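Descriptive analysis of the structure
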Amino acid sequence: MLEVSGLTVRFGGLTALDGLQLRAAAGELLGLIGPNGSGKTTFFNALTGFVPVSGGQVRFDGKDITGAAPRRVAACGIARTFQRLRLLSELSVFDNLMLGLHLDLPHGPWVNLFARRRLAAAVRERAAEARELLAVFSPALAGRLAEPLRALPMIDRRRVEICRALVRAPRLLLLDEPSAGMTPDETAALMDDLHAVKARRPGTAVILIEHDMAVIERVSDRCLVLDYGRRLCEGSFAAVSRDPEVRRAYLGEA
Amino acid sequence: MPVAAWPALAAVAIGAGLAAALLLVHHKAAVLAVLAVGAALLVVAQRTRAGERAAASAAAHPRLVPVAVAACGLGLVMLLREDNFALLMLCTVALQTLAALGLHLQFGYAGVANFAGAAFLGVGAYTAAVLGGHLPSVLVLVTGAGLAALAGLLLALPLLRTRGHYAALITIAFGLLLRTFLEVNDTLGGPQGLKVPGFTLGGLAFNDAIVFDEDTEWSFYVPYAVLALALLGATHVLVRRLERSWIGLALDAVRVDETAAAAFGVNGGAWKIAAFCVGNALCGLAGALLAMVTGFVAPPSFAFGDSLVLVSIVILGGIGNPLGLLPAAFLVVVLPEKLQGLQEYRFLLFAVLVILVLRLRPGGLLPRRLRRWPGLP
Amino acid sequence: MLAQHLFNGLMLGVIYALVATGFTLFFGVMDVIKFSHGDVVMLGAFTALATYAAASGAGITHPALLLAFMLAAALGVMALLGALMARVLVLPLRGAPAINVLLITLMAGTAIRESVRLFYPQGSNPKPFPRLLPEGAFEAGGFTLRYDSLILLGLGLAAIAATGLLLERTRLGLAIRAVAQDPETAAVMGIPFRATVLATFALGSALAALAGVVNGLYYSEVNFGVGLLLGAIGFSSAVVGGLGSVWGAVLGAMVFAALQTAGALVVPGGSAYRDVFAFGAVIALMTWRPAGLLAERSAERV
């Protein structure tokens, strides 16, 4: 579904991504690992149009989306989370989830300003869907739909962020280190959540950046190790963790 | 359990009563007394959670409350029907609030700070001066709004390419530029300004006093006040609806985190420009009607200080909360007129007030609440 | 004729550069725009004027001595005021949206402007500024070079050069540059953040006072409203050059002065439209280069 070939990103003299090759198929969960600064987040940013691409190609469902603007990437059905949560903390949980649905919502003046009954019906319907989605992760969270986001604990904020990316049923989901800043208990809960994601959207491809090897081991179907912006090796977690080069570059450090 | 309607109605009545009292009293001590009563009521409302009850009650009666507000507005105009000066102030308050609603749309929702509000007011006002008498008055108002939006559109590209301080500078530069332009341009009257023909509608000239018989004569400001209040009311309802809709959500997302919004397909630039243009159109509309009310336009009314007054109204009222704009505009417009000693000191006073609010209560006097979606409890 | 315009433009550019340097310094250390800066320029000029009145009242007549007193008072008082404003208005708003700092300083500027208008004796009228520099001029063809202008130009250039040296050669300059780069790391290295910020605001405000006095001496007049325009021009210059770089600010100031001078010459209708032309050009410039002319260097601030 996603085919990345020779993707290169340069910041001035620094090469953050150096001819990256990567494929992800529908329904698989690809773990993306590598030391700090190896280009994982840069890959997400290049894929979603937040940093300019210097070379190479990105094809999604056969379409060339190399260097496409974030809006166009989103319209293709690619959704992402951010390493440092980028939620709208002064708005409600519902508002945050509905941002994920932006491209499916009507924005014409008539529907929004005058057809208030129709709008109210649509809002009720969306809220029911949102509750149902949140309940997959945590029944308690579903009851807090109308609360301000800043009232939630860290784990629930992560969940809201993942739900915001899921709400429009994306074909490719990019998760940027969801366990960052979580306690071990919360990380364990997060692993269950990721299984829930896969169960709920079996056709969705997921690429997961993660530092916590236990998470990668438990949830990933396949791993790709990045080092200095290049693919170091690829395969099952077991195979990758035995690779001597990987041990030297990454696991040995830890 | 159904929520009673009376707390909302009481709040509307108290507000209208305070407004009427402030407009009617002349003596300095009486003005201060009205202010003291208003402040005391505000404190009581906060302490006893009466404000929240009124808000809940207003939300439960979405049809009744606007009717009550309209009735109170009409009642106020009728009460003041022979008092030219009070009605002029009422018109000014309503139209400044209308312009502030425009800025509120830009800054409070889309996050575009506009330090040239008075300049866009000026575009509308000068449109009324130049076109008045040549076109039907309603068309003049519409053209004033449209030209103000168009003038803002000139800044669309610069505003899209810059952000933060740089974008603020663009509007400041534009405001100074326009004011200087008006001052030196002879076809627009130069420093002396221009006369503005009054508003006419189907043979009814708003600038004529309404004479019933020898003893009963209403001020010619009565129709102006009704028109200004009606425009303000309709716009307020629309802005409120806009906030509680998918459009309001998109604007909020652009303001809070444009990057995150873009990741979900939000076209931040388009939303900002749309909010900027609609906001400027409201300023232009207010400016055109204000010019007809006062019958006269000149560059000093559209200076940087006046733009700052508009910004002050938005901040004092509560950033993102349109309900606070009317009382804020009331204080900013009426107080200096009523306390003649204060007139000289008004810019200083507002400046100090805004500094205090930003230091002590950064959300404004009436901070914004979470969005109340239609259809959700 | 051309030389005359060049010299006048250069003189304007130096005044603007003094103002713009303050903007760029503040932005460097705190990432804020302090919009009251133009009114500090104006207040500096009025402080000098008040000192002149007091000193002449006390019987001092020697022009150099008077000027020294005026400069000392204006620079000292404005430096204190700058530090005070940083302490009361800017530092407490750290972490608040940047626009709030812009707003609060805009309002502080309005408060200063209005206070001068209301409380300085006949503050709303333009005030004659004393001519304390040697009179006379050097003439060649149509070119007139007033000695006092030459002295002012030298004074301004010297102040800018001194600021540049201070930033590059002294401990304080090192501290300012370190804080501008990265406040956290600077704090780890033992550079006191608050003290450095206060010193930066004092320095920038002293430069503003100097700009006010130079402006007053050059035009032989000050009025309470001059700060608004000078502030907007200084801000524009700093932005055009690329906020955060002192040399960018100087370049921006020269560009603005050149635009104004060219505007007065080229635009039909003459000098009346020079500000319209200059601000229009600034908007166009910022559309073309949104991060300023020296954008590549904006990463290394100050």
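1. Brief notes about the overall build of chain B
Within chain B, the secondary structure is distributed over 17 helices and six strands. The C-alpha atoms of chain B give 21 Å as radius of gyration, which agrees with the globular expectation for 377 residues (21 Å, within 12%). Its C-alpha atoms give chain B principal-axis dimensions of about 70 × 65 × 40 Å. Taking the intrachain contacts of chain B between residues at least 6 apart in sequence as the baseline, contacts between residues at least 24 apart amount to 78%. Treating the 23 positive side-chain charges of chain B as one cloud and the 17 negative ones as another, the clouds have centres 17 Å apart.

2. Examining the interface of chain B and chain C
Each partner contributes residues to the interface: chain B has 37 residues there, and chain C has 45 residues. For the pairing of chain B and chain C, the buried interface totals around 3,700 Å² over both sides, and the portion due to carbon and sulfur atoms is 80%. At the junction of chain B and chain C, the tally comes to one salt bridge. In this structure, Arg-117 of chain C and Glu-344 of chain B form a salt bridge, with 3.4 Å as the shortest nitrogen-oxygen distance. Taken together, chain B and chain C are joined by four residue pairs in polar contact (both at pLDDT 80 or more). Looking at the side of chain B that touches chain C, the elements with two or more residues in it are α8 (156-161), α9 (165-184), α14 (304-317) and α17 (346-360) of chain B. In terms of residue count, the dominant contributor to the side of chain B that touches chain C is α9 of chain B (13 residues). Here the side of chain B that touches chain C is composed, by residue class, of 29 nonpolar, five polar and three charged.

3. Considerations on the interface of chain A and chain B
In this assembly, 39 residues from chain A lie in contact with 31 residues from chain B. Here chain A and chain B share three salt bridges between them. The salt bridge partner of Arg-86 of chain A is Asp-257 of chain B, with a shortest N-O separation of 2.8 Å. For the pair chain A and chain B, the number of links is 10 residue pairs in polar contact (both at pLDDT 80 or more). Going through the elements one at a time, α2 (70-75), β6 (78-80), α3 (93-100), α4 (109-114), α5 (116-137) and α7 (154-166) of chain A are the ones with two or more residues in the side of chain A that touches chain B. Looking at the side of chain A that touches chain B, the element that brings in the most residues is α5 of chain A, giving eight residues. Class assignment of the residues belonging to the side of chain A that touches chain B gives a composition of 22 nonpolar, six polar and 11 charged.

4. A few points about unusual backbone geometry
With phi around 55°, Asp-61 of chain A is a residue other than glycine that occupies positive phi space. Mapped onto the elements of the fold, Asp-61 of chain A is located in the loop between β4 (55-60) and β5 (63-64). The phi torsion at Arg-49 of chain B lies on the positive side, around 60°, for a residue other than glycine. Relative to the helices and strands, Arg-49 of chain B is located in the loop between α2 (28-47) and α3 (50-60). Classification of Arg-49 of chain B by relative accessible area gives exposed; the value is 51%.

5. Notes on the sheet that holds strand β9 (residues 222-227) of chain A
All names here are of chain A. With mixed pairing, six strands are arranged side by side in an open sheet as β6-β7-β8-β3-β9-β10. Either end of the sheet is taken by a strand with one partner, and the two such strands are β6 and β10 (230-235). For this sheet, the mean inter-axis angle between neighbouring strands, taken without regard to orientation, is 20°. Note that β9 and β10 share five bridges and pair antiparallel.

6. Considerations on the packing of helix α1 (residues 6-24) of chain B against helix α4 (residues 64-79) of chain B
All names here are of chain B. At a closest axis distance of 10 Å, the pairing of α1 and α4 adopts a crossing angle of 20°. If you check the angle between α1 and α4, you find them roughly parallel. The chirality of how α1 crosses α4 is right-handed. Contacts between α1 and α4 involve Ala-8, Leu-9, Val-12, Ala-16, Ala-19, Ala-20 and Leu-24 from the former and Leu-64, Val-65, Ala-68, Val-69, Cys-72, Leu-76 and Leu-79 from the latter. Taken together, the residues of the contact of α1 with α4 break down into 14 nonpolar, no polar and no charged.

7. Remarks on the pairing of strand β3 (residues 29-33) of chain A
Residues and elements named next belong to chain A. Taking burial as the measure, the five residues of β3 include five buried ones, the bulk of the element. Side chains of β3 alternate between two faces, with Leu-29, Gly-31 and Ile-33 and Leu-30 and Leu-32 buried alike. Relative to β9, β3 runs parallel, the two sharing four bridges. Paired with Leu-30 across the bridge in β9 is Arg-222.

8. Some remarks on the packing of aromatic side chains
By the definition in use, this model includes 22 aromatic pairs over all chains. Their ring planes at 75° and their centres at 5.0 Å tell us that Tyr-218 of chain C and Tyr-219 of chain C sit as a pair that is edge-to-face. Here Tyr-218 of chain C falls in the buried class, since its relative accessible area comes to 13%. Take Tyr-219 of chain C: its relative accessible area is 42%, and that puts it in the partly exposed class. Among the aromatic residues, those joined into a cluster by ring pairs are Phe-304 of chain B together with Phe-23, Phe-35 and Phe-235 of chain C. Taking NZ or CZ as reference, Arg-346 of chain B lies 4.7 Å from the ring centre of Phe-347 of chain B, over its face. Between Arg-289 of chain C and the ring centre of Trp-288 of chain C, over which it is positioned, the NZ or CZ distance is 5.7 Å.

Definitions and limits used
Residues numbered from 1 in each chain as written. Chains lettered and ligands numbered in written order. Predicted model: local features only at pLDDT ≥ 70, side-chain atom pairs only at ≥ 80, totals over all residues. Heavy atoms only, no water. Helix = DSSP H or I, 4+ residues; strand = E, 2+ residues; numbered from the N terminus. Rg over C-alpha atoms; globule rule 2.2 N^0.38 Å. Contact = heavy atoms within 4.5 Å. Lys, Arg positive; Asp, Glu negative; His and termini not counted. Charge placed at Lys NZ, Arg CZ, Asp CG, Glu CD. Buried area = accessible area lost by both parts, 1.4 Å probe. Salt bridge = Lys/Arg side-chain N within 4 Å of Asp/Glu carboxyl O. Polar contact = N/O pair within 3.5 Å; in protein donor to acceptor, adjacent residues only side chain to side chain. Nonpolar A, V, L, I, M, F, W, Y, C, P; charged D, E, K, R; others polar. Buried < 20%, exposed > 50% of the residue type's maximum accessible area, 1.4 Å probe, protein only. Pairing = 2+ DSSP bridges. Axes fitted to C-alpha atoms, helices over the stretch in contact; angles between N-to-C directions. Parallel < 35°, antiparallel > 145°, perpendicular 65-115°, else oblique. Left-handed = near helix turned anticlockwise from the far one by under 90°. Phe/Tyr/Trp six-rings, centres within 6.5 Å; stacked < 30°, edge-to-face > 60°. Lys NZ or Arg CZ within 6 Å of the ring centre and 35° of its normal.

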